[in-house]
Amino acid sequence: TAADRPPQPSTRRLGHHVVAAMGIEPQHLVKLSAGVLLSLAAARYLWKRYCISDDYDSTTPKPNTGASPKKAFSVPTKAARAGDSDVYVYFGSQSGTAEGFSKELEAEAKQHDLSVSVVDLEDFDADEFSKHKVVVMVVATYGEGDPTDNAVEFFKWLQGEERGAEELKGVQFCVMGLGNRQYVGFNSCGKLADAKMEALGGTRIYERGEGDDDQNIEEDFEQWKERGFWPALRQAAGKGDAGADGEKSTKIGKKDILASLQLRAEVREDPKKLPIDPLVQVGGADILGKWYFQAHQSQVVTEYELRQAPDPEAGKTTKHLDFDVKNIPSLDWRTADNLEVLPSNPIDVVEWWAERLGVKDQLESSVGFARAEGIDRPVKKPFPTPCSVQDALGLYCDLCAAPSKGAMKKLAVFVSNDEERSTLEALLEDRQAYQWLTGEGVRASFRELFELYLESATVDFGTFLQLCPRQKSRPYTIASSSREDKHKIGVCVSVVAEELRPLDEIVKELESRGHAAPGGAAALKRRGEAASSSRSFRGVCSTMLCNRTKQGERLWIQARPSSFRLPRKSSTPIVMIGAGTGVAPFRGFVREFKAENGARQKTMLFFGCQKSDVDFLYKDEFQEALDAEPKVLGELVNAFSREQDKKVYVQHRLRERAQDVAAMVQDGGYIYVCGATSMGAAIRDELTIALGSPDYVTRLLTEGRYIEELW
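Note that this is a predicted model, so its numbers are computed, not measured.

*Asks:* What is the right way to look at the packing of helix α18 (residues 503–512) against helix α19 (residues 520–527) in this model?
*Replies:* Geometrically, a packed helix pair is captured by the angle between its two axes and the distance between the axes. For the pair α18 and α19, the least separation of the axes is 10 Å and the interaxial angle reads 170°. Classified by the interaxial angle, the pair formed by α18 and α19 is roughly antiparallel. Taking contact as the criterion, the partners of Leu 503, Asp 504 and Val 507 in α18 are, on α19, Gly 520, Ala 523, Leu 524 and Arg 527.

*Asks:* Quick question: what am I supposed to make of the pattern of salt bridges here?
*Replies:* Opposite charge on two side chains permits pairing when their charged atoms draw close. The full count for this structure, using the stated rule, is 50 salt bridges. Taking the shortest distance from any N to any O, the salt bridge between Arg 447 and Glu 451 comes out at 3.8 Å. Taken together, the residues Arg 447 and Glu 451, both in helix α16 (residues 446–453) and four residues apart, mark about one turn of the helix. You can call Arg 447 partly exposed: its relative accessible area is 31%. Linked by salt bridges that have partners in common, Asp 194, Glu 198, Arg 204, Arg 208 and Glu 210 make up one network.

*Asks:* Is there a simple way to explain the packing of aromatic side chains in this structure?
*Replies:* Any two aromatic rings considered together are summarised by their centre-to-centre distance and by the angle between their planes. Counted according to the given criterion, the structure contains 34 aromatic pairs. Relative to Phe 450, the ring of Trp 353 lies with its centre 4.8 Å away and its plane at 75°, an arrangement referred to as edge-to-face. Of this pair, Trp 353 sits in helix α11 (residues 347–356) while Phe 450 sits in helix α16, placing them 97 residues apart in sequence. Each member of the pair Trp 353 and Phe 450 is classed as buried. Judged by centre distance (5.4 Å) and plane angle (70°), the rings of Phe 369 and Phe 383 are edge-to-face. Placement of the pair is Phe 369 in strand β13 (residues 366–371) and Phe 383 in the loop between β14 (379–380) and β15 (387–388), with a sequence separation of 14 residues.

*Asks:* Hey, could you run me through the sheet that holds strand β22 (residues 603–609) in this one?
*Replies:* Two orientations exist for strands paired in a sheet by backbone hydrogen bonds: parallel and antiparallel. One open sheet accounts for five strands, arranged β23-β22-β21-β24-β25; its pairing is parallel. Two strands close off the open sheet at either side, each with one partner strand: β23 (635–640) and β25 (706–710). Each strand axis lies, on average, 10° off the axis of its neighbour in the sheet, ignoring direction. Each of β21 (574–579), β22 and β24 (670–675) touches helix α21 (residues 584–595); the most contacted strand, β21, lies at about 140° to it. Set on the sheet, helix α24 (residues 658–666) makes contact with β21, β22 and β24; between it and β22 the angle comes to about 135°.

*Asks:* What am I meant to see in the nonpolar core here?
*Replies:* Grouped together as the largest cluster of nonpolar side chains are 66 residues, with contacts concentrated most on Leu 393, Leu 437 and Phe 461. If we ignore the near neighbours within four places in the chain, the residues touching Leu 393 are Asn 345, Val 350, Ala 354, Leu 357, Leu 399, Phe 461, Phe 464 and Leu 465. In terms of nonpolar packing, the next biggest core, distinct from the first, is built from 30 residues, Ile 574, Met 576, Phe 593 and Cys 609 among them.

*Asks:* I would appreciate a short explanation of the sheet that holds strand β11 (residues 318–324) in the present structure.
*Replies:* Strand order across the open sheet formed by six strands is β16-β12-β20-β10-β11-β17, with antiparallel pairing between neighbours. Across the chains shown, the open sheet's two edge strands, defined by having one partner strand only, are β16 (474–477) and β17 (488–494). Adjacent strand axes in the sheet meet at a mean angle of 40°, parallel and antiparallel pairs treated alike. Where strand β12 (residues 338–341) and β16 come together, four bridges link them in antiparallel fashion. Counted as the bridge partner of Glu 340 is Pro 475 from β16.

*Asks:* In this structure, what is going on with the pairing of β22? I would like to understand it.
*Replies:* When a strand is regular, its side chains alternate between the sheet's two faces. Along β22, seven of the seven residues are buried, which leaves the element largely enclosed by surrounding structure. Of the two faces of β22, the one holding Thr 603, Leu 605, Phe 607 and Cys 609 and the one holding Met 604, Phe 606 and Gly 608 are both buried throughout. Looking at chain direction, β21 and β22 are connected through six bridges and run parallel. Looking at the pairing, Met 576 lines up with Leu 605 of β22. One crossover worth recording links β21 to the parallel β22 by way of α21, and it is right-handed. Sheet topology places β22 next to β23; six bridges connect them, and they run parallel. The residue of β23 that forms the bridge with Gly 608 is Ala 639.

*Asks:* Sorry if this is basic, but what is going on with helix α13 (residues 405–412) here?
*Replies:* Note on helix geometry: an α-helix contains 3.6 residues per turn, so any two residues three or four positions apart are oriented the same way. α13 sits mainly inside the fold: six of its eight residues count as buried. Among the residues of α13, Lys 405, Gly 406, Ala 407, Met 408, Leu 411 and Ala 412 are the ones counted as buried. The inward-facing, buried residues of α13 abut α3 (97–109), α7 (217–226), α14 (418–429), α15 (431–438), α16 and α17 (461–467).

*Asks:* For this particular structure, what's the right way to read the state of the cysteines?
*Replies:* Scanning the model with the defined rule gives zero disulfides in all. We note that Cys 468 lacks a disulfide partner, and the nearest cysteine sulfur, in Cys 397, lies 4.2 Å from it. Here Cys 674 is not cross-linked by a disulfide; its sulfur's nearest cysteine counterpart is in Cys 492, at 9.6 Å. For Cys 674, a relative accessible area of 0% translates into the label buried.

*Asks:* Got a minute to help me understand helix α20 (residues 540–548) in this structure?
*Replies:* Counted residue by residue, α20 has seven buried out of nine residues, so it is predominantly covered. When α20 is considered as a whole, its buried residues turn out to be Val 540, Cys 541, Ser 542, Thr 543, Met 544, Leu 545 and Cys 546.

*Asks:* Help me understand the side chain of Asp 615, please; the structure alone is not making it clear to me.
*Replies:* Among the secondary structure elements, Asp 615 is positioned in the loop between β22 and α22 (619–627). Buried charged residue Asp 615 carries no salt bridge. Nearest counter-charge: Arg 307, at 4.5 Å. A polar contact of 3.1 Å, which involves the side chain of Asp 615, links it to the backbone nitrogen of Gln 610. Of the polar contacts made by the side chain of Asp 615, one reaches the backbone nitrogen of Lys 611; its length is 3.0 Å. What Asp 615 contacts, discounting residues up to four positions off in sequence, is Arg 307, Gln 308, Phe 607, Cys 609 and Gln 610.

*Asks:* I would appreciate a short explanation of the environment of Lys 611 in the present structure.
*Replies:* Structurally, Lys 611 can be placed in the loop between β22 and α22. Apart from the residues within four sequence positions on either side, Lys 611 is in contact with Phe 616, Phe 640, Arg 642 and Glu 643.

*Asks:* Looking at this structure, how should I read the environment of Lys 602?
*Replies:* With respect to the helices and strands, Lys 602 occurs in the loop between α21 and β22. As a C-alpha pair, Lys 602 and Gly 669 span 67 residues in sequence and 8.9 Å in three-dimensional space. Excluding anything up to four places from it in sequence, Lys 602 contacts Ser 571, Thr 572, Pro 573, Ile 574, Met 664 and Asp 667. Within the local environment of Lys 602, its side chain forms a polar contact with the side chain of Asp 667, the two groups lying 3.2 Å apart.

*Asks:* For this particular structure, what's the right way to read unusual backbone geometry?
*Replies:* Comment: phi is negative for the bulk of residues other than glycine, and the bulk of peptide bonds are trans. At the junction of Thr 385 and Pro 386, the peptide bond is cis and its omega measures out at 5° in the coordinates. Relative to the helices and strands, Pro 386 is located in the loop between β14 and β15. Here the bond from Glu 629 into Pro 630 is cis, since omega is 0°, no more than 30 degrees from zero. Positive phi outside glycine occurs at Asp 113, with the angle close to 60°. Structurally, Asp 113 is set in the loop between α3 and β2 (116–120). Residue classification places Asp 113 among the partly exposed positions, given a relative accessible area of 45%. Its identity is not glycine, yet Asn 187 carries a phi of approximately 55°, on the positive side. By the element assignment, Asn 187 lies in the loop between β5 (172–179) and α6 (188–199).

*Asks:* What should I look at first to understand a positive patch on the surface in this one?
*Replies:* On the surface, a cluster of positive charge is made up of Lys 316, Lys 611, Arg 642 and Lys 647. Here Lys 316 lies in the loop between β10 (296–305) and β11. Residue classification places Lys 316 among the partly exposed positions, given a relative accessible area of 45%.

Cut-offs used in this document
Residues numbered from 1 in each chain as written. Predicted model: local features only at pLDDT ≥ 70, side-chain atom pairs only at ≥ 80, totals over all residues. Heavy atoms only, no water. Axes fitted to C-alpha atoms, helices over the stretch in contact; angles between N-to-C directions. Helix = DSSP H or I, 4+ residues; strand = E, 2+ residues; numbered from the N terminus. Parallel < 35°, antiparallel > 145°, perpendicular 65-115°, else oblique. Contact = heavy atoms within 4.5 Å. Salt bridge = Lys/Arg side-chain N within 4 Å of Asp/Glu carboxyl O. Buried < 20%, exposed > 50% of the residue type's maximum accessible area, 1.4 Å probe, protein only. Phe/Tyr/Trp six-rings, centres within 6.5 Å; stacked < 30°, edge-to-face > 60°. Pairing = 2+ DSSP bridges. Core = buried A, V, L, I, M, F, W, Y, C linked by side-chain atoms within 4.5 Å. Right-handed = clockwise from strand over helix to strand, strands pointing away. Disulfide = S-S within 2.5 Å. Lys, Arg positive; Asp, Glu negative; His and termini not counted. Polar contact = N/O pair within 3.5 Å; in protein donor to acceptor, adjacent residues only side chain to side chain. Patch = residues over 30% accessible without salt bridge, like charges linked within 9 Å, V, L, I, M, F, W, Y side chains within 5 Å. Areas by Shrake-Rupley, 256 points an atom, 1.4 Å probe, with all protein chains shown as cover. Charge placed at Lys NZ, Arg CZ, Asp CG, Glu CD.

See the structure below:
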């Protein structure tokens, strides 16, 4: 937008006729020329020094051109100032978890008399890295053992043949790896970083941690720290073992939190009246912020129900949606890749928070950012602005899910009532209690936490925008074929629904755990009889897509590659196993088979649902594929779990067809599995029996012929 675009120095030359028209006397021309040259030189210096990046022309995400961007000017990274901090924490993050943990370490370090710099591995500089005295690596493993996008170059450097045995001599390090145990490459990047840094001469100062996203990754992180992390860091940084007993040397207060904020938000009815700060740059301040600026807006062109007997009120609805990507040439995707969709918070949730933050009457007004007082260097925006207050809260703030303990600790300092604040701080120190309150079966929402424990909190809108967790996009396996139609991406989505404990039971349980909620009585009174009724959890993105999204609406999306790739040879046997929406990639495969004119004859699909007349997804399409001439789908094996006395799942059907599946595998076949982690584990057990050895399954995994996508 014009309001956010700095004035660019003109390159137009002053012709003689322009000089004459301006009425400039010849004797003044030399002075004028000198002044112009000096001004241009100064402008060019400032432009190159601070503002410039090829994407600094708009604050609204636009479709990429597909060209490789030039390296934009960015804020000098903390890694570029070796020696400024006691400890450097580098993160490799895809969804923001590793980055969030790294920032928690930065905040906690002050309580242990340590200064910490957090560095995005995208800004990795080998020369500076090797000069650090103490390094903590927090690295996630993405997909089937790959590094995250921002860590690719670091791992290339780490594994380079030219690396010497003393490359990292003098560097003391430790590693926290993040992953999902359901994948064969669980924590492979954390393990690789740990082993390679030692091999290059680094000194390990603390055991490697492993976080498992399939269980409780935050608990894994907390336990890793508790085993002696901070004393180890203090010792390595030359500060002795003081504080080894866990005592806090300093306490983070409201002033500290406010001082850490680099931006201030301004709200104006007219966006043209928002302040213009050329040093507030686009691009995103963190991993999630970068996603916003790289996303594409796409129109939903198809939307229809897939269930034969849907019940939306009960959360039993499954939709197929097609996105038009014809006008987004840079969005590269292939069959069965992942489509990431940015959800919007429900309007009633947005309105509650707007009222709580004092901006309910300004939802249609525009918000923009300028640097906070005392900040004299370029700062990245957390999300695209100018935007409406409603979009700032609805699109870019996670207003539904309970924040992590780290995020809640930052908000706790704004509680004005001392007793209320002490109660909240005690709750946040009790890991088990907070885990129970925010975990399955209870799932206290962000709003409920505010009502129960932050009634007296006074936090202004601009501060909240910077402290509130960012809204994450949700990935969905693409259910369409790029070969059939490159301009249309389809997804299959079911509402994520869970019935939860009543609020009155939660309040009583908190009291019994010693964490009586100061706002509990008032919250129960506001709800009346509803306080004793079960609460309902509905996934924010799945609910948006299934219940609120209509044909013609435009949503923010981005495509990511997956490990699901069909073998090149059409004669290779293919076994596909999916239950519920786990059939999505196989619907895409079947559409691909159709586009290939039925060239693949050795194909078998196992599909599981409850009943053939209730939730048989893509029923008619699969039947058409079976009836086509030549056949598009070789065989469809169904498992209807509720159509007989004894439940039958896809793993049971696989057991019945074990001999046929084994023969296809022995003929060089590929196996694809998509669905819940429990189903995936059962399938692997059955396949091990069918093939006669767990080593055979391991071999298939290693060869890339057994591919899973589980959640």
